[in-house]
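One-letter residues, chain by chain:
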Amino acid sequence: MWSRRALGLSIGAVACGPGLAVRSVSAQSLELSAIPLPVHQQAMHLAIAAARANLFFPFGAVIVRAADREVMATGVNNAAANPTLHGEIVAINDYVARHGNRGWGEVILYTTGEPCPMCMSALVWARIGGVVYGTSIEKLRQVGIDQILLPATTVIAAAPFYRGQILGHVLESETDALFVNRKRR
């Protein structure tokens, strides 16, 4: 079991396996594919735990420092209070409150759902080192959660200055279950 402070990174060459998509944006970014899949899965479990705080829209996120796997920030969807407070935005705000607006290239955001265009744009502007998600935007749409049908990779492709990477479908069956089994209003 991981502690919230140290997730135990061991960098090594690991194949990501079938169904996992890594998109590299630049050679100057964190190498998400070099991080063993179990390490990504452990961090995703923390995002899933955060997501459980919102039974209706279980979008949870954690920001983890790649070097030592310390959890730097957490967030869960709070759009009931403000429509822009998606899990990723809440995690960004938590990070800035705790650590200031610096060090973005050294961290990875883990989120239960693929970042929407608003969230992915914010992550691009922050120049976060990497993004790892579970459930795709298309699956979110299929289970009845309104989505702007613009994949995170399209947002990244429109930002030639961005150097981060994105990895999708990590613990997808578990994150899909969060959204399929969520409470409905």
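Throughout this document, residue positions are counted from 1 along each chain, in the order its sequence is written. Predicted model: local features are reported for residues with pLDDT of at least 70 only, side-chain atom pairs are reported and counted for 80 or more only, and whole-chain, interface and lining totals are derived from all residues. Values shown for side chains rest on all heavy atoms present in the structure; no hydrogens or waters enter the calculation.

Undergrad: Talk me through the overall build of the chain; I want residue IDs and the actual numbers.
TA: Within the chain, the regular secondary structure consists of 6 helices and 6 strands. Runs of H or I in DSSP of at least four residues are treated as helices and runs of E of at least two as strands, each being numbered from the N terminus. Listed by position from the N terminus, the elements making up the chain come as β-α-β-β-α-β-α-β-α-α-β-α. Residue burial is assigned from relative accessible area. The probe radius is 1.4 Å, only protein chains are included, and a residue is buried under 20% of its type maximum, exposed over 50%, and partly exposed in between. In the chain, which comprises 185 residues, the proportion classed as buried is 49%. Long-range pairs, those at least 24 residues apart, make up 68% of the contacts in the chain between residues at least 6 apart in sequence. Computed with the Shrake-Rupley method and a 1.4 Å probe, the accessible areas treat only the protein chains shown as cover for residues. Of the roughly 8500 Å² of accessible surface on the chain, 56% is carried by carbon and sulfur atoms. Residue contacts follow a heavy-atom distance rule, with two residues in contact if any of their heavy atoms lie within 4.5 Å.

Undergrad: Give a detailed account of the packing of helix 2 (residues 87–99) against helix 3 (residues 117–126), specifying residues and quantitative values.
TA: Viewed as axis vectors pointing N to C, helix 2 and helix 3 meet at an angle of 30°, and their least axial separation amounts to 9 Å. Accordingly, the angle class assigned to the pair helix 2 and helix 3 is roughly parallel. Counted together, Glu88, Ile89 and Ile92 of helix 2 and Met118, Cys119, Ala122 and Leu123 of helix 3 form the full contact between these two elements. Polarity classes work like this: nonpolar for Ala, Val, Leu, Ile, Met, Phe, Trp, Tyr, Cys and Pro, charged for Asp, Glu, Lys and Arg, and polar for all others, with Gly in that last group. Taken together, the residues of the contact of helix 2 with helix 3 sort by class into 6 nonpolar, no polar and 1 charged. Only the contacting stretch of a helix is used when fitting its axis, a line to C-alpha atoms as for every element, and angles between N-to-C directions run 0 to 180 degrees. Note that the term roughly parallel is reserved for angles under 35 degrees, roughly antiparallel for angles over 145, roughly perpendicular for angles of 65 to 115, and oblique for everything else.

Undergrad: Before we move on, could you go through the layout of surface pockets and cite the residues and values that matter?
TA: The method works on a 1 Å grid over the protein atoms by themselves. A cavity is a set of points holding a 1.4 Å probe that cannot get out, a pocket is an open set with protein on both sides within 12 Å along at least five of seven lines, and residues with an atom within 4 Å of a point line them. Grid points are joined across faces, edges and corners, and a volume is the space filled by probe spheres set on the points. The computed volume of the largest pocket comes to approximately 410 Å³. Along its surface, the largest pocket is lined by 22 residues, and Phe59, Asn77, Ala79, His86 and Gln147 are the ones closest to its centre. No other element matches helix 3, which puts 3 residues into the lining of the largest pocket.

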